[in-house]
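Listed below are the residues making up each chain.
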Amino acid sequence: LRRCQRLRHPPRMADLVDTAAGCVGATACTLGGLPFDVAKARLQAGGAGHAYSGLADCLLTTARTEGALALYRGMVPALSSALAENSVGITVQRSLRRALGVDDGGQRPSVGTELGLGAVTGVFTSVA
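A brief structural summary.

Criteria and cut-off values
Here, residues in each chain are numbered from 1, in the same order as that chain's written sequence. Residue-level local features of this predicted model are given only where pLDDT is at least 70; pairs of side-chain atoms are given and counted only at 80 or more, and the full residue set underlies all totals for whole chains, interfaces and linings. Excluded from the side-chain calculation are hydrogens and water; included are all heavy atoms of the structure. Patch members must show over 30% relative accessible area and no salt bridge, and they are joined within 9 Å when carrying like charges or within 5 Å when they are nonpolar side chains of Val, Leu, Ile, Met, Phe, Trp or Tyr. Accessibility throughout is a Shrake-Rupley quantity obtained with a 1.4 Å probe, and a residue counts as covered only by protein chains that appear here. The salt bridge definition used is simple: a Lys or Arg side-chain nitrogen within 4 Å of an Asp or Glu carboxyl oxygen. Numbering of helices and strands runs from the N terminus; a helix is a DSSP stretch of H or I covering at least four residues, while a strand is a stretch of E covering at least two. When a residue's accessible area, from a 1.4 Å probe over protein chains only, is under 20% of the maximum for its type it is buried; when over 50% it is exposed; and in between it is partly exposed. The span expected for a helix works out to 1.5 Å for each residue beyond the first. By definition in these notes, contact holds between two residues if any of their heavy atoms fall within 4.5 Å. Only C-alpha atoms enter the line fits that serve as axes; for helices the fit covers just the stretch in contact. Angles between N-to-C directions range over 0 to 180 degrees. Here is the rule for handedness: rotate from the far helix to the near one, and if that takes an anticlockwise turn smaller than a right angle the crossing is left-handed, while a clockwise turn gives right-handed. Charged means Asp, Glu, Lys or Arg here, nonpolar means Ala, Val, Leu, Ile, Met, Phe, Trp, Tyr, Cys or Pro, and polar covers whatever is left, Gly included.

Overview of a nonpolar patch on the surface
Phase 1 of the analysis: Judged by side-chain polarity, V120, V123, F124 and V127 come together as a nonpolar surface patch covering roughly 380 Å² of accessible area.
Phase 2 of the analysis: Tracing the backbone through its elements, the reader meets F124 in helix α5 (residues 111-127).
Phase 3 of the analysis: Residue class for F124 comes out partly exposed when judged on its relative accessible area of 45%.

Thoughts on helix α3 (residues 55-66)
Phase 1 of the analysis: In this model, α3 (12 residues) spans 16 Å end to end at C-alpha, consistent with the 16 Å of a helix rising 1.5 Å per residue.
Phase 2 of the analysis: What α3 keeps buried is the set C58, L59, T61 and T62.
Phase 3 of the analysis: Downstream of α3 by one or two residues, G67 has phi in the positive range, about 95°.

Looking at the environment of P35
Phase 1 of the analysis: Tracing the backbone through its elements, the reader meets P35 in helix α2 (residues 11-45).
Phase 2 of the analysis: You can call P35 buried: its relative accessible area is 9%.
Phase 3 of the analysis: Apart from the residues lying within four places of it in its own chain, the contact partners of P35 are T30, L59, L71 and Y72.

Some points on the packing of helix α4 (residues 75-100) against α5
Phase 1 of the analysis: Remark: α4 packs on α5, axes separated minimally by 9 Å, with the N-to-C direction vectors making an angle of 145°. The two elements α4 and α5 meet at a crossing, and its hand is right-handed. On α5, the residues touching E85, V88, G89, V92, Q93, L96, R97 and L100 of α4 are T113, E114, L117, G118, V120, T121, F124 and T125.
Phase 2 of the analysis: Broken down by class, the residue content of the contact of α4 with α5 amounts to seven nonpolar, six polar and three charged.

Focus: the side chain of T125
Phase 1 of the analysis: Summarising the element assignment, T125 is placed in helix α5.
Phase 2 of the analysis: For T125, a relative accessible area of 17% gives the class buried.
Phase 3 of the analysis: Beyond its immediate sequence surroundings of up to four residues, T125 is in contact with E85, V88 and G89.

Coordinates in, geometry out; function isn't part of it.
Structural data, given as structure tokens:
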């Protein structure tokens, strides 16, 4: 309880801030990376009479012929899985760090502690 009193936010508010940070990060990652995933899939498929000369050609041709929104096909499933994984991952990681007093601003935790935190967080994100 003393550790929680030293936090800038009460524990529940800190969890909400962490969850929101995970959601913002997931959204930014999906919006920034999805066009490249779409282009990668098109380059790998290569069929339907499209012979792209490379990544830039694929992106530009797709945007020009189908519209820029075509680069965001599949955004709903990609965003929903990223939101679940990032919000759970960041919330669990930060909550565990607070509970163990790792984020008190003092010394860095041991490698074993970091590995343990990562392992537990990985279990939660794989289920999410």
